[in-house]
Amino acid sequence: MDRVFRETTLKVYKNVRVIAKTIDAKEELAKLGVRDCLVAPVGLDSEALKQDYEKYDRNEIRKKWGFQENDLIISFVARMQPEKHPLEMLDIFTKIRHKNKKLLMVGRGLLENKLYDKVQKLGIGDQIVYISEVKYDEMWQIHYIADYFVNLRTDEIFGMAIMEAVYYQRKL
């Protein structure tokens with residue numbers, strides 16, 4: 001992991017502003033040659049998270065969002081922007097698709113129209129559920145009904161959607 005970090009992520013860190021979660025992390029990065037680093041603790045607001053989500057019937061919530069009990073749901077929650085790779089997510093899904101696999105994509109952005117066009121071109125519209133916006137107080141449901149959560153951004157360590165997916169015990 002150290003070798004991979006030094007060969008990839010560290011190179012990026014040396015050329016951009018980096019936000020570290022702790023002072024210790026900032027100091028460690030400085031020793032590695034990262035010059036522009038700020039400290040901003042990242043975390044989940046436990047008050048905003050659904051504490052008792054497991055008490056809810058997962059299959060009923062799946063039905064609410066248009067899924068069946070036996071669907072294997074892969075979620076992709078991100079802005080539909082080039083750096084998040086939503087179009088590449090469609091390519092990946094096309095390679096692994098099966099009749100009970102569904103891709104749930106949530107987010108807005110510049111690539112929405114291209115996303116629609118590509119779904120049609122690939123002929124996978126019957127297996128894609130795209131929701132441009134979900135109210136934050138319902139977002140827990142998206143994570144709870146999913147079997148897997150995918151994030152394709154290679155330079156993102158702890159995005160909020162990733163942290164929420166982990167909190168709701170989704171496989172990454």
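Refer to the structure above for everything that follows.
Residues numbered from 1 in each chain as written. Predicted model: local features only at pLDDT ≥ 70, side-chain atom pairs only at ≥ 80, totals over all residues. Heavy atoms only, no water.

(A) Here's a closer look at the pattern of salt bridges. Following the criterion strictly, the structure yields ten salt bridges and no others. Salt-bridge contacts for E60 lead to K63; the nearest nitrogen and oxygen are separated by 3.5 Å. Placement of both E60 and K63 in helix α4 (residues 58-64) is noted, with a separation of three residues, approximately one turn of the helix. Residue classification places E60 among the partly exposed residues on the basis of a relative accessible area of 45%. Overall, the relative accessible area of 54% leaves K63 in the exposed class. K64 serves as the salt-bridge partner of E138, at 3.2 Å between the closest nitrogen and oxygen. With E138 in helix α7 (residues 136-145) and K64 in helix α4, this residue pair connects regions lying 74 residues apart in the sequence. (Salt bridge = Lys/Arg side-chain N within 4 Å of Asp/Glu carboxyl O. Helix = DSSP H or I, 4+ residues; strand = E, 2+ residues; numbered from the N terminus. Buried < 20%, exposed > 50% of the residue type's maximum accessible area, 1.4 Å probe, protein only.)

(B) Structural detail: the sheet that holds strand β3 (residues 72-77). Taken in spatial order, the four strands of this open sheet run β5-β4-β3-β6, and their pairing is parallel. The outermost strands of the open sheet, each flanked by one partner alone, are β5 (128-131) and β6 (148-149). Where strand β4 (residues 101-106) lies against β5, four bridges are found, and the strand directions are parallel. Its bridge partner lying in β5, L104 is registered against V129. (Pairing = 2+ DSSP bridges.)

(C) Representation of the packing of aromatic side chains within the structure. Considering all chains together, one arrives at eight aromatic pairs under this definition. A centroid spacing of 6.1 Å and a plane angle of 35 degrees characterise the contact between W140 and Y144, whose relative ring orientation is tilted. Of this pair, W140 and Y144 are both found in helix α7, four residues apart, which corresponds to roughly one turn of the helix. On the basis of relative accessible area, Y144 is assigned to the buried category, the value being 8%. By the ring-pair criterion, three or more aromatic residues cluster together here, those being Y53, Y56, W140, Y144, Y167 and Y168. (Phe/Tyr/Trp six-rings, centres within 6.5 Å; stacked < 30°, edge-to-face > 60°.)

(D) View of the nonpolar core. Residues W65, L104, V106 and I142 are the most contacted members of the largest nonpolar core, which totals 22 residues. Broken down by secondary-structure element, the contributors of at least two residues to this core are β3, β4, α7 and α8 (160-167). Setting aside chain neighbours within four positions, we find I142 in contact with W65, V77, L104, V106, I131 and V134. (Core = buried A, V, L, I, M, F, W, Y, C linked by side-chain atoms within 4.5 Å. Contact = heavy atoms within 4.5 Å.)

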